[in-house]
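A closer look at the structure
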Amino acid sequence: MSGWLKNIINKVRELNKRIDKYKEDTLIQSLPSYTYVNRAKKLLMEDKFEEAKDILLKALELPQKDSLVHKYLGAAYEKLGDIQNALTNYQMSADLDPQDKTIWQRLGFCLVSSGKYEQAEKAFDNANRIQAGNSDTFTGWGMAYFKQKKYQEAREKFAQAAKINKYNFSAVFLGAVSEIKLEMYDKAEVKLTFLANVCPNANNTFEFARLKAIKNDYDSAIHYALKSLDYNVDMLPAYILLGQIYASKFDITNSLKYFEMAEQKELIVADLYLEWGKVLEKFEYFDDAKLKLLKALEMSPENIEVMAYLGLCCVTRKEFEEASPLLEKVLSVEPENLVVKQALGIIAYENDEIEKALTLLRSNDEDSINCHYMAKCYEKLKNDTKVKDYYEASILHNSQSAAVFIDYAKYLIARNDYKEACRKLRKGLKAQPENISLLNLMFYTSYILVKENLCDYNVKETLAIAQKVESVAPGMFEYPEQKAELEAFLQNKSESE
């Protein structure tokens, strides 16, 4: 081959190589980012979120900026639970394409998840400006208001969402919850009844149960709470609600059963032990209550409600030094906290600061404990009319309180009103038939009354009370001399016959 021809061929080959290299470089540089986006979208649909993220991160290396890359990268991060990176990419996508309604929606929902509620409002507002009348937009918008406790505004947005799409059950449900917060119970019940029939689930039925409990329809509340557990056996709020409802029905056995069931299922949170402790306090199991409340405090050391009830529990156990820092911390945050006022009222009573105690206790004169201690205050002031009024009020609010019946009976015994004392003790024993203090007082009042009308039947009935004390709690019977006297009466009568 001649030299000139060989040179031409070599030059052509070199030129071809350059062209091929140029084509390769050009293809790499101009590869459309939507290729990456489409591959990532497919992976997202297959729940392969990590792989989708990796592909979209490669797309970011391309020279052009594409809002879709950031949009779906935000979606990948959101699915992976990385809300901060999801927010960053959604915001970048919105900056690149501010006319994309979906981006503003997703940005809004992520802002709600991260607690940035006012920014979320603006994001949903932007989404609505771009495309008005979208049900999901109004749902998210309502959530942003709800989280800020702006329940009326939230209710309005949820209503708009449901009006646009009557099958948006989330909006209907959240609208009902907003109405419960606003004490619009009848309107909420209509929505929850609809949901219970059309799309029942654990959340809907639980909220229906909670509404029924608020309306004191305890049987229906129990029905729907149990139904909620049928849908989700790990629905902790349902266990707590059942414990609270049965406590309101003065059914201590079933109340404690549901708290114990939640604990056995390891549904362990501070609220479980808080509500458990409150129920135990109500039924005067103060040692057990303190243990539960200490667990709650360990899990949630800054929880004001836990500190308040733990402080009250310590006061009822006369552990005033332990209670003091707890009560002070609550007061620094909530100066009008009713539980703390109750505790301080009890302390004032124990310190003989009667007027101070009454002032504090009057803050809630429909509470059984407050009424109990107000009766004791008036007892010290020798105001017999108010003593009886407040003891009766205390029993009205909690007919299971042994402490109230014991103090009331002692008050009546001190005034030689044995018949009335006996009546009160019988009521107390209906609630707590094996309470040793009640049984001892019942024996003593019966002993006094039987001496006024000695007969075999009355004596035997009174001795039966003593025998019950000795069988339930050996060594805790307080009136052996009086018992011996009655036994001697029967013996003498038997011998004389």
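Residues numbered from 1 in each chain as written. Predicted model: local features only at pLDDT ≥ 70, side-chain atom pairs only at ≥ 80, totals over all residues. Heavy atoms only, no water.

**Re helix α17 (residues 286–299)**
Because each turn of an α-helix spans 3.6 residues, side chains separated by three or four positions in sequence point in the same direction. This is how it is decided: Only DSSP runs of H or I with at least four residues qualify as helices, and only runs of E with at least two residues qualify as strands; both kinds are numbered from the N terminus onward. Expected helix span is taken as 1.5 Å per residue step, with the number of steps being one fewer than the number of residues. Summary of the burial criterion: residues with accessible area below 20% of their type's maximum are buried, those above 50% are exposed, and those between are partly exposed, where the area comes from a 1.4 Å probe applied to protein chains only. When we speak of the arc, we mean the arc of directions from the helix axis to the C-beta atoms. Every residue pair with non-hydrogen atoms within 4.5 Å of one another is taken to be in contact.
Between its terminal C-alpha atoms α17 stretches 20 Å, which fits the 20 Å expected from 14 residues at 1.5 Å a residue. Within α17, the full set of buried residues consists of Ala 289, Lys 290, Lys 292, Leu 293, Ala 296 and Leu 297. Mapping the buried residues of α17 onto a view down its axis gives an arc of 170°, with all of them on the same face. Facing away from the buried side of α17 by over 90 degrees, the exposed positions are Asp 287, Leu 291 and Glu 298. Elements that come into contact with the buried residues of α17 comprise α15 (252–264), α16 (270–282), α18 (304–316) and α19 (320–333).

**Overview of the state of the cysteines**
Quick note on the threshold: Defined by distance alone, a disulfide is two cysteine sulfur atoms within 2.5 Å.
Under the counting rule described, the total for this entry stands at zero disulfides. Left unpaired, Cys 377 is separated from the closest cysteine sulfur, that of Cys 371, by 12 Å. Free cysteine: Cys 422, not disulfide-bonded; nearest cysteine sulfur from Cys 455 at 14 Å.

**A word on the confidence of the model for the protein**
Cut-off, in case you're wondering: Summary of the metric used: pLDDT quantifies the predictor's per-residue confidence within the range 0 to 100.
Looking at the protein, the pLDDT average stands at 90 and 93% of residues meet or exceed 70. A low-confidence stretch, residues 18–31 (pLDDT under 50), is modelled with six contacts involving residues beyond four sequence positions or located in other chains.

**Digging into the packing of aromatic side chains**
Let me state the cut-off plainly: Stacked, edge-to-face and tilted are the three classes for Phe, Tyr and Trp ring pairs, Trp counted by its six-membered ring, which pair at centre distances within 6.5 Å; planes under 30 degrees apart are stacked, over 60 edge-to-face, the rest tilted. Note on geometry: a ring has a charge over it if NZ (lysine) or CZ (arginine) is within 6 Å of the ring centre and within 35 degrees of the ring normal.
Across all of its chains, the model carries 19 aromatic pairs by this definition. Measuring from centroid to centroid gives 6.4 Å for Phe 443 and Tyr 447, while their planes differ by 15°, and the two rings are stacked. One end of the pair is Phe 443 and the other is Tyr 447, both in helix α26 (residues 436–452) and four residues apart, which spans about a single turn. Across this residue pair, the class does not change: Phe 443 and Tyr 447 are buried. Relative to Tyr 479, the ring of Phe 477 has its centre 6.4 Å away and its plane inclined at 75°; by these criteria the two rings are edge-to-face. Residue Phe 477 is classed as buried on the basis of its relative accessible area of 12%. On the accessibility criterion, Tyr 479 (15% relative accessible area) is buried. Among the aromatic residues, those joined into a cluster by ring pairs are Phe 443, Tyr 444, Tyr 447, Phe 477 and Tyr 479. It is Lys 282 that lies over the ring of Phe 250; its NZ or CZ is 4.7 Å from the centre.

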